[in-house]
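# Summary of the model geometry
What follows is each chain in one-letter form.
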Amino acid sequence: MLNALLCAFLFAAPGGEDRALEPPRPSSTVAAAPPADSVDVARLSPEEAAAFLAEMPDAVVVDVRTPAEVAASGRLAGALVLDVTAPNFDARALDALDLDRPLLVYCRSGTRAERAARRLAALGITRLANAGGLDALAAAGLSTEPYTP
């Protein structure tokens with residue numbers, strides 16, 4: 001079941017067409033995408049997120065909370081911190097992220113992760129999912145680590 005979900009989410013084009021046979025887009029260009037409020041982003045349960053990371057070790061994990069929040073409570077091991085509330089979020093995301101790798105975004109509860117995922121999708125990043133909140137992900141067995149901004 002999870003493999004089918006992952007394949008559908010990673011290889012289905014926004015309109016549902018199969019894009020697995022299309023050549024990959026160069027990472028230096030970002031394709032036009034629908035407005036952020038019209039994009040559907042997969043929301044994974046903590047268990048699905050853990051399985052996703054186990055099956056996709058090249059995935060980039062992105063914590064979209066403020067640096068102060070991350071410093072106070074830690075982050076998932078190896079997560080990149082990109083504050084979705086920062087005015088330069090879009091530019092920083094495009095500079096920091098490898099568009100050829102799948103992304104898994106999370107925050108405290110999943111609300112800001114949803115907002116961040118929609119913004120990333122609006123930038124043309126299509127291989128991404130919302131993993132929800134840190135506490136639930138840690139309870140599902142994902143490792144955490146301290147963070148110093």
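Further up the page is the structure itself.
The following paragraphs examine the structure supplied in this document. Numbering of residues starts from 1 in each chain and follows the order in which that chain's sequence is written. Predicted model: local features are reported for residues with pLDDT of at least 70 only, side-chain atom pairs are reported and counted for 80 or more only, and whole-chain, interface and lining totals are derived from all residues. Calculation of side-chain values draws on the structure's entire complement of heavy atoms; hydrogens and water are dropped beforehand.

This next bit is on the pairing of strand 6 (residues 128-133). Most of strand 6 is tucked away: six of the six residues are buried. Judged from the two bridges that link them, strand 1 (residues 42-43) and strand 6 form a sheet pairing that is parallel. Along strand 6, the bridge assignment pairs Arg43 with Asn130. Between any two strands, pairing holds if DSSP finds at least two bridges. Secondary structure elements follow DSSP: runs of H or I of four or more residues count as helices, runs of E of two or more count as strands, with numbering from the N terminus. Pairing geometry for strand 5 (residues 103-107) and strand 6, over four bridges, is parallel. The residue of strand 6 that forms the bridge with Val105 is Asn130. Categorising residues by exposure relies on relative accessible area from a 1.4 Å probe, with only protein chains included: less than 20% of the type maximum marks a residue as buried, more than 50% marks it as exposed, and the intermediate range marks it as partly exposed.

Okay, the pairing of strand 5 next. With five of its five residues buried, strand 5 lies for the most part within the structure. Side chains Leu103, Val105 and Cys107 project from strand 5 onto one buried face, and the interleaved Leu104 and Tyr106 project onto a second face that is buried too. Bridge analysis of strand 2 (residues 60-63) against strand 5 gives four bridges, and the strand direction is parallel. When the bridges of strand 5 are listed, Val60 appears paired with Leu103. With respect to chirality, the unit in which strand 5 leads through helix 5 (residues 111-122) into the neighbouring parallel strand 6 is right-handed. Every crossover in which the path from the first strand over the helix to the second runs clockwise, viewed with the strands pointing away from the viewer, is termed right-handed.

For the rest of this paragraph, the subject is the side chain of Arg65. Here Arg65 lies in the loop between strand 2 and helix 3 (67-73). Side-chain atoms alone can form a polar contact between residues adjacent in sequence; in general such a contact is a pair of N or O atoms within 3.5 Å, and within protein one must be able to donate a hydrogen while the other accepts it. Side-chain polar atoms of Arg65 contact the backbone oxygen of Gly74, separated by 2.6 Å. Contacts are assigned to residue pairs that have any heavy atoms within 4.5 Å of one another. Among all residues touching Arg65, those that are not within four sequence positions of it are Val70, Ser73, Gly74, Arg75, Val81, Asp83, Tyr106, Cys107, Arg108, Arg112 and Leu134.

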